[in-house]
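One letter stands for each residue in the lines below.
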Amino acid sequence: TNVLVAEAQGQRVGLALVYPGELAHALDDPFRQHRASLGLTPEVVSEAEAGEFYLDTLATLPAVRGQGIGAALLGACFARAQSLGLPLTLLVED
């Protein structure tokens, strides 16, 4: 699976969406199709590249922030990347 879910006290409180860069083009297909349906250019620049394990999304509920849940998810992503022999990458924007 490409989604890691954090739970606390039986509640889902965070998630990370990760995938091998080789899958980026296929995962972007729905965005291309939607853009085309709107009459827009279907071009979508993929954020991930082959040879990397890409962290697309990392989120926690506001009520659990500061409790290490995001750090635990990030650690799990890193461990998954290591098990695949790939570097963990992410895109950071202001």
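So, how was this worked out
- Residues numbered from 1 in each chain as written.
- Predicted model: local features only at pLDDT ≥ 70, side-chain atom pairs only at ≥ 80, totals over all residues.
- Heavy atoms only, no water.
- Salt bridge = Lys/Arg side-chain N within 4 Å of Asp/Glu carboxyl O.
- Helix = DSSP H or I, 4+ residues; strand = E, 2+ residues; numbered from the N terminus.
- Phe/Tyr/Trp six-rings, centres within 6.5 Å; stacked < 30°, edge-to-face > 60°.
- Buried < 20%, exposed > 50% of the residue type's maximum accessible area, 1.4 Å probe, protein only.
- Pairing = 2+ DSSP bridges.

A. Up close: the pattern of salt bridges. Tallied over the full model, the rule gives 1 salt bridge. Here Asp29 ties to Arg32 by a salt bridge, and the two come within 3.0 Å at their closest N and O atoms. Of this pair, Asp29 and Arg32 both sit in helix α1 (residues 24–37), 3 residues apart, which is roughly one turn of the helix.

B. Structural detail: the packing of aromatic side chains. The final tally for this structure, using the stated rule, is 1 aromatic pair. Centroid distance Tyr19 to Tyr54: 5.6 Å. Interplanar angle 55 degrees. Geometry classified as tilted. Taken together, the residues span a long stretch of sequence, with Tyr19 in strand β2 (residues 11–20) and Tyr54 in strand β3 (residues 53–60) at a distance of 35 residues. Comparing Tyr19 with Tyr54, the two get one shared label, buried.

C. Summary view of the pairing of β2. Here strand β1 (residues 3–8) pairs with β2 via 6 bridges, running antiparallel. Note that in β2 the partner of Val5 across the bridge is Leu15. Two strands pair when backbone bridges link them, and β2 and β3 are joined in this way by 7 bridges, in the antiparallel orientation. Bridging from a neighbouring strand, Val18 pairs with Leu55 of β3.

D. Spatial organisation of the environment of Leu27. When you line up the elements, Leu27 lands in helix α1. The exposure class assigned to Leu27 is partly exposed, which follows from its relative accessible area of 37%. Between the C-alpha atom of Leu27 and that of Ser46, which follows or precedes it by 19 residues, the distance is 9.1 Å.

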